[in-house]
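Chain by chain, the residues run as shown.
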Protein chains: 4
Amino acid sequence: MAPPKRTTGSGAAPWTTGLTSISPNQILVRGYRIDDLMGRVGFGETIYLLLTGELPSPSIGRLVDAMLVSFIDHGATPPSTLAALNTSTTGASIRGAVAAGVLGFGRYHGGDALACRALLDEGLAISRGGSSIAAAATTLVAKLVEANDIPPPGFGHRFHTIDPRATRLLQIAHELETDHNYTQLLRALEQALSAHEALKDRSLPVNIDGAIAAVCGDLGLPTEVADALLIISRVPGLAAHVLEEQRRQTPMRVIDPTTHTYDGPPERRIPERRK
Amino acid sequence: MAPPKRTTGSGAAPWTTGLTSISPNQILVRGYRIDDLMGRVGFGETIYLLLTGELPSPSIGRLVDAMLVSFIDHGATPPSTLAALNTSTTGASIRGAVAAGVLGFGRYHGGDALACRALLDEGLAISRGGSSIAAAATTLVAKLVEANDIPPPGFGHRFHTIDPRATRLLQIAHELETDHNYTQLLRALEQALSAHEALKDRSLPVNIDGAIAAVCGDLGLPTEVADALLIISRVPGLAAHVLEEQRRQTPMRVIDPTTHTYDGPPERRIPERRK
Amino acid sequence: MAPPKRTTGSGAAPWTTGLTSISPNQILVRGYRIDDLMGRVGFGETIYLLLTGELPSPSIGRLVDAMLVSFIDHGATPPSTLAALNTSTTGASIRGAVAAGVLGFGRYHGGDALACRALLDEGLAISRGGSSIAAAATTLVAKLVEANDIPPPGFGHRFHTIDPRATRLLQIAHELETDHNYTQLLRALEQALSAHEALKDRSLPVNIDGAIAAVCGDLGLPTEVADALLIISRVPGLAAHVLEEQRRQTPMRVIDPTTHTYDGPPERRIPERRK
Amino acid sequence: MAPPKRTTGSGAAPWTTGLTSISPNQILVRGYRIDDLMGRVGFGETIYLLLTGELPSPSIGRLVDAMLVSFIDHGATPPSTLAALNTSTTGASIRGAVAAGVLGFGRYHGGDALACRALLDEGLAISRGGSSIAAAATTLVAKLVEANDIPPPGFGHRFHTIDPRATRLLQIAHELETDHNYTQLLRALEQALSAHEALKDRSLPVNIDGAIAAVCGDLGLPTEVADALLIISRVPGLAAHVLEEQRRQTPMRVIDPTTHTYDGPPERRIPERRK
């Protein structure tokens, strides 16, 4: 189909939204009074409600929160963060610098989770054709190696040999019994990668993009909802870096990503009452 | 001071960040292992941690969550949402449309909370000079009326005669005993406005911007942290509208904000187990 | 190939740019001193220089200027302009509102020129296989009708039965003798569309997107350069709408695209000395 | 006055635009048929028409073109350009990366021209009070030194001891006899700065921001039009850097602004026929 033409301007078609109803003294988010949600339902759960139409079960709510926390920040080196910092140093507003950062969630940054989801969908289609999940993983890895598509999206990391976020997210999913086909295939792919003779010398463990892809798949979230969750989850990180830039640095500085160090608190434990 | 000049390019100064430490297989957010935060600390609480440097107490965490939920969406008519929808209809990516929406958090949209904070700071300065909070409120209202600064930021609403979000947020703050000077002054201003003879015919109850301003003030959050919280809280709403636009509408449609209706679920109750 | 991983942070690779050399008291744009370009070479020609690496001949320079002018504004109804206006009404800065507008150059808005270029490339590939341009056009139109891809990108317009910009741009290209294969195929497609029996009742003349696609093709400009030219050309229009919004309107207004009218000067002639 | 409230949604007020009239088969930009402008009026002149409402005289048109060219690019180190490059390396679209760059025209970047304009307006107000321009400049410089506002906006440069763009722009303005009060004051300030005993060891010649501020002032352009011209003028530079990033570099690279070099053509002359 050709790209659609804009309809003529003599009058615009009526349209509807199913998200939020605004009437005098009443705001309904997906049918729930917002003042009923406030104080009872967490921010992560309300995000899930807005994006999917339903409140999550407490288990799923906890998993979604864990996912949002896992991606909230990754230091000052992601290019989206550097775009936000370079915008902030010009004296731009917080919103302008955050918007510049959001624009950096491109094909390659954050996009790995979406690419991994496509890979998992491909593997599950093979499996639905009659193969076991393990066999589908072996087939897929052979194909990836032949196409030189190594590391595949969702596996390996430039900094981490074991991505602590992926390990933890999959553990939580397991504890909450929300790990199904997607997670099984993800695990099977990790094993098939480590078993493949051409990849003997490489360590390609599941990374956070892979874990998010599998968890969203098992939750039945469409790819674009996963995409939205990633953007939402990183906005606080972008905002925090922009606030820090405003407080600590002089305007118009040259931001060299290779010369920064961490000077925050050393490792500390979460107070017991929270566990 | 003149706007600073960019330092010369022959080498950039080393710099530091106190937010997130990235080392092989370990990510510390403000000193806490991210895999420790995941599953134990909610998204709203982790946002607070990132922005302020410390985990909130459970009470404050609940209040921050309520504040984030209160501002998560306000239907399809805010101009920031319309900017996101108009961007989305051109076929832009989710991130592009969300970024366009974020840019709409200007002086007048979301900015009322910041303007109200300035008003409250002014009133508390008067009070620190020896007046009671009530007397400071009366002084301030007289000044606002004389300057024709009515409605003042944080009071009155075009749709709502009572803003249900403000009522609820202040109620939660009261229950959690986090309401102090700022909230007292906000209340006092509401009373002084309704008592002022020139405003007899106007209803100017506290709105959500006012409630957020007071709550952030009582929590000791600087204005720019409140600003960041507002941007963060609305991103899920923007993303949800963009996803809905992609699913329901044809590209390049004429978006007339006056012709839309809500077709989501009718009012429903939060399941009991959650309360 | 898998999405590339970011290289490690221990040091960044040296890199080069061929655009602009900055040394003390000397700025070279593509090798020309910027103070030599100023006053001698027009803004449109310098844009061409920056994007392609070479100064255009005077003929091509005139054509590029005509192309940039043709797309400079299309009133207040394009969704990119509405995104800019909705952002401006929140009190955002000029740059914030312009950026929101730029984000609206999506697949469907401005993208028609790129889609038409792909169509023309497809037709020229058919023609290189031995068909005449006319025969290639007939083949292509049959294919488009079968795929229900009508109107094809570059043809037809919701407002205009004859797009005055397209007519003029192709006339200038003809006068300057820069119309080659792409333009010939565009013309042949227009004829084949009007000759096709299934499209008898439809008027599908070349529109400005089609004319720009053909002109850029004949100039040998890659698709992404054409994309950049379209974005560049509309920024002044976006900025002018934002300035008008700031001057004429009150903040936070409801912007209904169906209720605006033009109140600028009536049609007037360009002073003779300019012709 | 309090921030205005958004009008109610039951119907939006009719509104007008004086920029561009769209009717079937006719597009008028500020009253001129766009197809009449195309090929006759340059891009820079049409930008001036759109922003100010009138076509420039040929002299002013040439000056505006020179101003737009002067600011078209400043290499890869301005933070706005780095924001665009960091966005591009994530795989973002050209428009997304350009928008991120536009957001970097903050208070400190590009804003110097606006700050210098304010300084010149202050000086001209002093002069209207009865002082000569030279005396007003001396008064202003004394004030700037006392406030430690050195370098003042519009004077001095981190790379250039003489900014070749400023020299050339002021020379063109002089040749075209468009240099009036603002330019005279700019020159007088430059002299007063070099004559001030506390600044003996500093070289603070007029820079491009100062020259643009004076030229726009003498043309009677409001500050916000000057702001818009700066944004418009740099968009081609941003787009060119993004295209170069896409062509030359691998995605997700670490962009260190201190390690790049210029590898474009060496200095060359503009062909004679153009002069």
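Bear in mind that the values here come from a model prediction, so they are computed numbers and not experimental data.

Enquirer: Looking at this structure, I do not really get the relation of the copies chain A and chain D. What am I missing?
Expert: Mapping between the two chain copies consists of a rotation about an axis together with a translation along that axis. Laying chain A over chain D is done by rotating through 180° and shifting 0.0 Å along the axis; what remains is an RMSD of 0.0 Å. These values place the two chain copies in the arrangement generated by a two-fold rotation axis. The overlap is high: 100% of the interface residues of chain A also sit at the interface in chain D, so the same surface is used on both sides.

Enquirer: What exactly am I supposed to notice about the environment of D:Ile27 here?
Expert: In this structure, D:Ile27 sits in strand β3 (residues 26-29). Those residues in contact with D:Ile27, other than ones at most four positions away along the chain, are C:His74, C:His160, C:Pro164, C:Arg165, D:Thr20, D:Ser21, D:Ile22, D:Tyr32, D:Arg33 and D:Ile34.

Enquirer: Could you clarify how one ought to interpret the interface of chain A and chain D in this entry?
Expert: Accessible area lost during the coming together of the parts is what is often quoted as the interface size. If you look at the interface, chain A gives 26 residues, while chain D gives 26 residues. Between chain A and chain D, roughly 2000 Å² of surface is buried when both sides are summed, and carbon and sulfur atoms account for 70% of that area. Three residues, A:Thr90, A:Leu103 and A:Tyr108, lead the burial of chain A against chain D; their summed loss comes to 26% of the area buried on that side. The interface formed by chain A and chain D holds zero salt bridges in total.

Enquirer: Explain the pattern of salt bridges to me, please; I cannot follow it from the model alone.
Expert: When charged atoms on two side chains of opposite charge get close, those side chains can pair. For the structure shown, the criterion picks out 48 salt bridges over all chains. A:Asp35 is the salt-bridge partner of A:Arg33, the closest N and O atoms lying 3.2 Å from each other. Measuring nitrogen to oxygen at the nearest pair gives 3.8 Å for the salt bridge that ties C:Arg33 to D:Glu267. Pair noted here: C:Arg33 is in strand β4 (residues 32-33) and D:Glu267 is in the segment after β5 (260-262), and the two residues belong to different chains. Classification of C:Arg33 as partly exposed rests on a relative accessible area of 25%. A single network of salt bridges, built from pairs that share partners, joins A:Arg33, A:Asp35 and B:Glu267.

Enquirer: Help me out: how do you make sense of the pairing of strand β3 (residues 26-29) of chain B in this one?
Expert: Residues and elements named next belong to chain B. Taking every second residue as pointing to the same face, both faces of β3 are buried, with Gln26 and Leu28 on one and Ile27 and Val29 on the other. In the sheet, strand β2 (residues 20-23) pairs with β3 via four bridges, with the strands oriented antiparallel. Pairing of serine 23 across the sheet is with glutamine 26, part of β3. Counting the residues in the hairpin turn of β2 and β3 gives two residues, including asparagine 25, whose phi is positive at 65°. Relative to strand β4 (residues 32-33), β3 runs antiparallel, the two being bridged by two bridges. By the bridge assignment for β4, valine 29 is matched with tyrosine 32.

Enquirer: I keep staring at the layout of surface pockets and nothing clicks. Help me out?
Expert: Within this model, the largest pocket holds a volume of roughly 620 Å³. Along the walls of the largest pocket sit 35 residues, with B:Gly91, B:Ser93, B:Arg95, D:Ser93 and D:Arg95 positioned nearest its centre. Of all the secondary structure elements, the ones that give two or more residues to the lining of the largest pocket are α6 (111-128) of chain A, α5 (94-102) of chain B, α6 (111-128) of chain C together with α5 (94-102) of chain D. Take the lining of the largest pocket: its biggest share by element is four residues, from α6(C). Its residues assigned to classes, the lining of the largest pocket comprises 12 nonpolar, 16 polar and seven charged.

Enquirer: Help me understand the sheet that holds β2(B) in this model?
Expert: Pairing between the strands of a sheet comes from backbone hydrogen bonds, and it takes one of two forms, parallel or antiparallel. The sheet built from three strands is open, its strands ordered β2-β3-β4 (chain B) with antiparallel pairing. Looking along the sheet, the strands with just one partner apiece sit at the ends: β2 and β4 of chain B.

Enquirer: Teacher, can you tell me more about the interface of chain A and chain B here?
Expert: Listed per partner, the contact involves 120 residues of chain A and 120 residues of chain B. In this assembly, chain A packs against chain B so that about 11000 Å² is buried in total across both faces, 64% of it on carbon and sulfur atoms. Taken together, chain A and chain B are joined by six salt bridges. Here A:Glu224 ties to B:Arg247 by a salt bridge, and the two come within 3.5 Å at their closest N and O atoms. If you look at where chain A meets chain B, you find 52 residue pairs in polar contact (both at pLDDT 80 or more). Looking at which element gives the most residues to the side of chain A that touches chain B, the answer is helix α11 (residues 223-248) of chain A, with 17 residues. Residue composition of the side of chain A that touches chain B, by class: 60 nonpolar, 31 polar and 29 charged. Strand direction decides the pairing type here: strand β1 (residues 15-17) of chain A and strand β5 (residues 260-262) of chain B, joined by three bridges, are parallel. Residue pairing across strands places A:Thr17 opposite B:Tyr262, the latter belonging to β5(B).

Enquirer: Help me understand α6(C) in this model?
Expert: Since the α-helix advances by 3.6 residues per turn, residues separated by three or four positions end up pointing in the same direction. Under the 1.5 Å per step criterion, the end-to-end length of α6(C) is 26 Å for 18 residues, consistent within 8% with the ideal 26 Å. By the burial criterion, the buried members of α6(C) are C:Gly111, C:Asp112, C:Ala113, C:Cys116, C:Arg117, C:Leu119, C:Leu120, C:Gly123, C:Leu124 and C:Ser127.

Enquirer: I'm lost on the environment of C:Thr52 in this one. Help?
Expert: Residue and element names in this part refer to chain C. You can see threonine 52 is positioned in helix α2 (residues 43-52). C-alpha of threonine 52 to C-alpha of proline 222: the two residues are 170 residues apart in sequence and 9.3 Å apart in space. Apart from residues no more than four positions distant in its own chain, threonine 52 is found in contact with Arg30 and Leu221. In terms of polar contacts, threonine 52 uses its side chain to reach the backbone carbonyl oxygen of tyrosine 48, at 2.8 Å.

Enquirer: I would appreciate a short explanation of the packing of aromatic side chains in the present structure.
Expert: Two measures describe an aromatic ring pair: the distance that separates the ring centres and the angle between the ring planes. Scanning the entire structure with this criterion turns up two aromatic pairs over all chains. Residues A:Phe43 and B:Phe43 carry aromatic rings whose centres are separated by 5.8 Å and whose planes lie at 5° to one another, so their mutual orientation is stacked. Residue A:Phe43 is found in helix α2 (residues 43-52), and its partner B:Phe43 is found in helix α2 (residues 43-52); the two belong to separate chains. This pair shows no difference in class: A:Phe43 is buried, exactly as B:Phe43 is. Lying over the aromatic face of A:Phe71, A:Arg234 brings its terminal NZ or CZ to 4.5 Å of the ring centre.

Enquirer: Honestly, the sheet that holds strand β2 (residues 20-23) of chain A in this entry has me stumped. Any pointers?
Expert: Taken together, three strands build an open sheet; the order of strands is β2-β3-β4 (chain A) and the sheet is antiparallel. A single partner strand is all that each edge strand has here, and the edge strands are β2 and β4 (32-33) of chain A.

Enquirer: I would appreciate a short explanation of the packing of α6(C) against helix α11 (residues 223-248) of chain C in the present structure.
Expert: The axes of two packed helices give the description: the angle between them and the distance between them. Residues and elements named next belong to chain C. For the pair α6 and α11, interaxial distance at closest approach is 9 Å and the crossing angle is 160°. One way to sum up the angle between α6 and α11 is to call them roughly antiparallel. Between α6 and α11 lies a crossing whose hand is right-handed. Where α6 approaches α11, its residues Ala113, Leu114 and Arg117 are matched on the opposing element by Thr223, Ala226, Asp227 and Leu230. Looking at side-chain class alone, the contact of α6 with α11 contains four nonpolar, one polar and two charged residues.

Procedures and definitions
Residues numbered from 1 in each chain as written. Chains lettered and ligands numbered in written order. Predicted model: local features only at pLDDT ≥ 70, side-chain atom pairs only at ≥ 80, totals over all residues. Heavy atoms only, no water. Least-squares fit on C-alpha atoms with pLDDT ≥ 70 in both. Contact = heavy atoms within 4.5 Å. Helix = DSSP H or I, 4+ residues; strand = E, 2+ residues; numbered from the N terminus. Buried area = accessible area lost by both parts, 1.4 Å probe. Salt bridge = Lys/Arg side-chain N within 4 Å of Asp/Glu carboxyl O. Buried < 20%, exposed > 50% of the residue type's maximum accessible area, 1.4 Å probe, protein only. Pairing = 2+ DSSP bridges. 1 Å grid on protein atoms, 1.4 Å probe; cavity = no way out; pocket = protein on both sides within 12 Å on 5 of 7 lines; lining within 4 Å. Points joined across faces, edges and corners; volume = space filled by probe spheres on them. Nonpolar A, V, L, I, M, F, W, Y, C, P; charged D, E, K, R; others polar. Polar contact = N/O pair within 3.5 Å; in protein donor to acceptor, adjacent residues only side chain to side chain. Expected span 1.5 Å × (residues − 1). Phe/Tyr/Trp six-rings, centres within 6.5 Å; stacked < 30°, edge-to-face > 60°. Lys NZ or Arg CZ within 6 Å of the ring centre and 35° of its normal. Axes fitted to C-alpha atoms, helices over the stretch in contact; angles between N-to-C directions. Parallel < 35°, antiparallel > 145°, perpendicular 65-115°, else oblique. Left-handed = near helix turned anticlockwise from the far one by under 90°.

By themselves, these observations are geometric and do not establish any function.
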